[in-house]
Amino acid sequence: MQLRAATVDDAPAISALIHSHLGELTISGTRAGAERFLEFVTPAAIRGYLESPQFRYAAASADGALAGVVAIRNGTHLYHLFVQAQWQRQGLGRRLWAHAREALIDADAGVLTVNASANAVAVYQALGFQVHGARVEQHGVAFIPMRLLVSASPVRP
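Colleague: If you had to explain the layout of surface pockets to someone new, which residues and values would you point to?
Modeller: The volume enclosed by the largest pocket comes to roughly 1,200 Å³. As for the largest pocket, its lining consists of 38 residues, and the residues nearest its centre are L81, F82, S117, A120 and Y124. Where the lining of the largest pocket is concerned, the elements lending two or more residues are α2 (22-25), β4 (77-83), α5 (92-103), β5 (111-116), α6 (121-126) and β8 (141-149). In terms of residue count, β4 provides more of the lining of the largest pocket than any other element does, 7 residues in total.

Right under this line is the structure:
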């Protein structure tokens, strides 16, 4: 497994990876009502993020294929953390998180935030995040705001 900086060439694969999780992300379990959200995860949108200085992406590749991705926005918000289904529960998400925490997060941020899907709350809690607000429904997706004090004890990869 290779961890590396993601490039604009990864945009279609990152978009496809996020789309593979739509059933877990959208309120309806389908694309219905999530049209606005879907605009944020097209290959073109992902390419724009990859080209923007506000975003820093890292990708994990296995046998030349994208296995997972992590992105930090403005050094303070965990924007994407997705792992291909066949690589889940093998430590890749934790490894991506450790990489993001070390290399992508603004060390002076103080607080890191994430908007967690309901099924990912336990995962983020295991990484040290705490729920920091009520469930929000917006653009056809639901999420729970969470935050982490950056000075909190590091997660072991």
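Colleague: Before we move on, can you summarise the side chain of T26 with the specific residues and values?
Modeller: Looking at the element boundaries, T26 is found in the loop between α2 and α3 (35-39). Take T26: its relative accessible area is 7%, and that puts it in the buried class. Discounting chain neighbours no more than four positions away, the residues touching T26 are A34, G140 and V141.

Colleague: Please give an account of unusual backbone geometry that cites residues and values.
Modeller: Most peptide bonds take the trans configuration, and most residues that are not glycine carry a negative phi. Its identity is not glycine, yet R89 carries a phi of approximately 65°, on the positive side. Tracing the sequence through the fold places R89 in the loop between β4 and α5. Phi angles above zero are rare outside glycine, and H139 is one such case at about 55°. Along the chain, H139 turns up in the loop between β7 (136-138) and β8. Of the residues examined, H139 reaches a relative accessible area of 34% and is grouped as partly exposed.

Colleague: Could you give an account of the environment of P145, naming the residues involved and the relevant values?
Modeller: Inspection of the secondary structure assignment puts P145 in strand β8. Setting aside chain neighbours within four positions, we find P145 in contact with V114, N115, Q130, V131, H132, G133, A134 and V136.

Colleague: Tell me about helix α4 (residues 43-51), residues and numbers included.
Modeller: Taken residue by residue, α4 has A45, I46, Y49 and L50 as its buried positions. Here the buried residues of α4 occupy an arc of 140° about the axis, which is enough to place them on one side. Of the exposed residues in α4, those oriented more than 90 degrees away from the buried face are A44 and E51. Residues of α4 that are buried sit in contact with α1 (11-19), α3, β2 (55-62) and β4.

Conventions we followed
- Residues numbered from 1 in each chain as written.
- Predicted model: local features only at pLDDT ≥ 70, side-chain atom pairs only at ≥ 80, totals over all residues.
- Heavy atoms only, no water.
- 1 Å grid on protein atoms, 1.4 Å probe; cavity = no way out; pocket = protein on both sides within 12 Å on 5 of 7 lines; lining within 4 Å.
- Points joined across faces, edges and corners; volume = space filled by probe spheres on them.
- Helix = DSSP H or I, 4+ residues; strand = E, 2+ residues; numbered from the N terminus.
- Buried < 20%, exposed > 50% of the residue type's maximum accessible area, 1.4 Å probe, protein only.
- Contact = heavy atoms within 4.5 Å.
- Arc of directions from axis to C-beta.

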